[in-house]
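So the chains spell out like this:
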Amino acid sequence: MQPRDLSAHTPYVPGRGTEEVARELGVDPEDLTKLSSNENPHGPSQQAVAAIQDAAPTVSVYPKTAHTDLTEKLADKWRLTPEQVWVSPGADGAIDYLTRAMLEPDDRVLEPSPGFTYYSMSARYHHGDAVQYEVSKDDDFEQTAESVLDAYDGERMVYLTTPHNPSGATFAIDEIRTLAESVEDHTLLVVDEAYGEFSDEPSAIDLLSEYDNIAVLRTFSKAYGLAGLRIGYACVPESWADAYARVNTPFAASELACRAALAALDDEDHVEKTVESVEWSRDYLRAELDVPTWESAGNFVLAQVGDATAVSEASQREGVIVRDCTSFGLPECIRISCGTKAQTKRAVDVLNQIVSEVPPA
Ligand SMILES: *Cc1c(COP(=O)(O)O)cnc(C)c1O
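Residues numbered from 1 in each chain as written. Predicted model: local features only at pLDDT ≥ 70, side-chain atom pairs only at ≥ 80, totals over all residues. Heavy atoms only, no water.

Asks: Could you give an account of the site of the ligand, naming the residues involved and the relevant values?
Replies: Among the 13 residues in the neighbourhood of the ligand, the closest are listed as Asp192, Tyr195, Thr219, Ser221 and Lys222. Between the ligand and the protein, one listed contact pairs an oxygen atom with a backbone N or O atom of Ala91 at 2.6 Å. Protein burial of the ligand: of its 390 Å² of free accessible surface, 94% is covered by the chains. Using a 2 Å cut-off from the grid points, one finds that the ligand occupies the largest pocket. With 3 residues, the single largest contributor to the shell around the ligand is helix α4 (residues 90-102). Class assignment for the residues of the shell around the ligand results in 4 nonpolar, 5 polar and 4 charged. (Near = heavy atom within 4 Å. Polar contact = N/O pair within 3.5 Å; in protein donor to acceptor, adjacent residues only side chain to side chain. Areas by Shrake-Rupley, 256 points an atom, 1.4 Å probe, with all protein chains shown as cover. 1 Å grid on protein atoms, 1.4 Å probe; cavity = no way out; pocket = protein on both sides within 12 Å on 5 of 7 lines; lining within 4 Å. Sits in = over half its atoms within 2 Å of the grid points. Helix = DSSP H or I, 4+ residues; strand = E, 2+ residues; numbered from the N terminus. Nonpolar A, V, L, I, M, F, W, Y, C, P; charged D, E, K, R; others polar.)

Rendered as structure tokens:
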């Protein structure tokens, strides 16, 4: 007995967890600074924590009201109809729902390279395939309609990541507009705004009232600090009506996740403080690291360090975990998540020391 041919399915390589690294190094996880997965270093909103505690005794019941309430609150926030808000287990879950809704077997998606690997993984799970457009380091990861259209060949879905992971580059809203007007009628543009809260660009959700071929992904994992709960959503074209009911996994967004997200939306202070902290950390990393870095609109900074694997391993031995971008196809770069002041300063000290010792590749 074997599963279907999975040889084209590349496993997702997450940033390394503190427990895992602590065990390997034989140290206390508390002594590690984890800046590898773009999580919120200030944790979740205390109001979200309270909502989770309050909801704990009710988890014997399937989540229904909480899901409806969250959908309505998000629709209200973005001035959409509730049918346009697809609540999901993380933005990754929303990617699966969109893929299910869009792809026939052998259909293709067009995605950025380097980029977020789950786009192509989801396409393959759904018997489709992925091709890439380049987001070129030589052009400082500039993202334009033209660079996408150069590679575009009528794919069913086109992913745009803004801010882009791992570079932090944005896609200007007018360029997205140009793309919406340029692609063929059967193509859906999927704008991934997982890091949207950290950027000054307006959200592409504003374009949903004008264009019928755009979907936008958002998540509570990054700015809202709820990565462990798995909650996100897609905003979809108005004409899709009841498609959600036909593609979603029943009750995949849990009661606790929906309740926490509802509370987190009410705690604007927490998001504001998080964004301010990220702005400080981004500036500090760019000003103080002794290696080239790129301007970032996300909660992370990409840095060119020479041998990324050697540098990230050395950094880990010093207790600072950063993301080796070799798996993104950038073997000379690391991605450093924006930490608290203390974490950011520690990361800069450790990394500057290492790059002064490790010769460039
Ligand atoms: C983190 C991330 C996501 C989704 O994260 P979830 O935890 O599944 O919500 C989506 N896209 C990009 C580019 C990301 O970095």
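Asks: Quick one: what's the story with the packing of α4 against helix α5 (residues 118-125), residue by residue and with numbers?
Replies: Interhelical geometry of α4 versus α5 gives an angle of 40 degrees and a closest axis separation of 9 Å. By the angle between their axes, α4 is oblique relative to α5. When you trace α4 past α5, the crossing you get is right-handed. Contact residues: Asp92, Ile95, Asp96 and Thr99 in α4; Tyr118, Tyr119, Ser122, Ala123 and Tyr125 in α5. (Axes fitted to C-alpha atoms, helices over the stretch in contact; angles between N-to-C directions. Parallel < 35°, antiparallel > 145°, perpendicular 65-115°, else oblique. Left-handed = near helix turned anticlockwise from the far one by under 90°. Contact = heavy atoms within 4.5 Å.)

Asks: Which residues make up the packing of helix α10 (residues 268-288) against helix α12 (residues 341-357), and what values do they have?
Replies: At a minimum axis distance of 10 Å, the contact between α10 and α12 shows a crossing angle of 15 degrees. Judged on the interaxial angle alone, α12 and α10 are roughly parallel. Along this stretch, α10 crosses α12, giving a crossing that reads as right-handed. Residues Trp280, Ser281, Tyr284, Leu285 and Glu288 of α10 touch α12, and the partners they reach there are Lys341, Thr344, Lys345, Val348 and Asn352. Per-class residue counts for the contact of α10 with α12 are 4 nonpolar, 3 polar and 3 charged.

Asks: I'd like a description of the domain arrangement of the chain, backed by residues and values.
Replies: Examined at the domain level, the chain breaks down into domain 1 (18-44 + 269-355) and domain 2 (47-266). One C-alpha centre belongs to domain 1, the other to domain 2; they are set 25 Å apart. Domain 1 puts 26 residues into the contact, and the matching count from domain 2 is 24 residues. When domain 1 packs against domain 2, close to 2000 Å² is buried across both sides, 65% of that on carbon and sulfur atoms. Ranking the residues of domain 1 by area buried against domain 2 places Trp294, Ala297 and Phe328 at the top, with a combined share of 27%. (Domains from an automatic or database assignment. Buried area = accessible area lost by both parts, 1.4 Å probe.)

Asks: Lay out unusual backbone geometry with the relevant residues and their values.
Replies: Cis geometry marks the peptide bond from Ser113 to Pro114, where omega comes out at 0 degrees. Its location among the elements puts Pro114 in the loop between β3 (108-113) and α5. Pro163 follows Thr162 through a cis peptide bond whose omega is -10 degrees. Looking at where Pro163 falls in the secondary structure, it is placed in the loop between β5 (157-161) and α7 (173-182). One non-glycine residue, Asp140, lies in positive phi territory at about 55 degrees. Mapped onto the elements, Asp140 comes out in the loop between β4 (129-134) and α6 (145-151).

Asks: For the layout of surface pockets, give the residues involved together with the corresponding values.
Replies: As a volume, the largest pocket reaches approximately 650 Å³. When residues of the lining of the largest pocket are assigned to their parent elements, the largest contribution, 3 residues, is made by α4. Its residues placed into classes, the lining of the largest pocket shows 11 nonpolar, 14 polar and 8 charged. Both domains that furnish three or more residues to the lining of the largest pocket are identified here as domain 1 (18-44 + 269-355) and domain 2 (47-266). (Points joined across faces, edges and corners; volume = space filled by probe spheres on them.)

Asks: Before we move on, could you go through the environment of Asp31 and cite the residues and values that matter?
Replies: With respect to the helices, strands and loops of the structure, Asp31 is situated in the loop between α1 (18-25) and β1 (33-35). Take Asp31: its relative accessible area is 46%, and that puts it in the partly exposed class. A C-alpha to C-alpha distance of 9.8 Å links Asp31 and Glu318, two positions 287 residues apart in sequence. Discounting residues that sit within four places of it in the chain, Asp31 has contacts with Gly319 and Arg346. (Buried < 20%, exposed > 50% of the residue type's maximum accessible area, 1.4 Å probe, protein only.)

Asks: Before we move on, can you summarise the pattern of salt bridges with the specific residues and values?
Replies: Per the stated rule, a full pass over the model turns up 12 salt bridges. Of the charged contacts in the structure, one is a salt bridge between Asp174 and Arg177, with a shortest N-O distance of 3.7 Å. Here the residue Asp174 and the residue Arg177 both occupy positions in helix α7, the gap between them amounting to 3 residues, near one helical turn. Exposure remark for Arg177: the relative accessible area of 26% places this residue in the partly exposed category. Through salt bridges with shared partners, one network takes in Asp174, Arg177 and Glu210. (Salt bridge = Lys/Arg side-chain N within 4 Å of Asp/Glu carboxyl O.)

Asks: Describe in detail the sheet that holds β3, supporting the description with residues and values.
Replies: Sheet strands pair by backbone hydrogen bonding; their relative direction is either parallel or antiparallel. An order of β2-β8-β7-β6-β5-β3-β4 is seen for the 7 strands of this open sheet, with the pairing classed as mixed. Two strands close off the open sheet at either side, each with one partner strand: β2 (85-88) and β4. The sheet shows a mean angle of 25 degrees between the axes of neighbouring strands, direction not considered. Across the sheet, α4 touches β2, β5, β6 (188-192), β7 (214-219) and β8 (232-235), and the angle it forms with β2 is around 125 degrees. (Pairing = 2+ DSSP bridges.)

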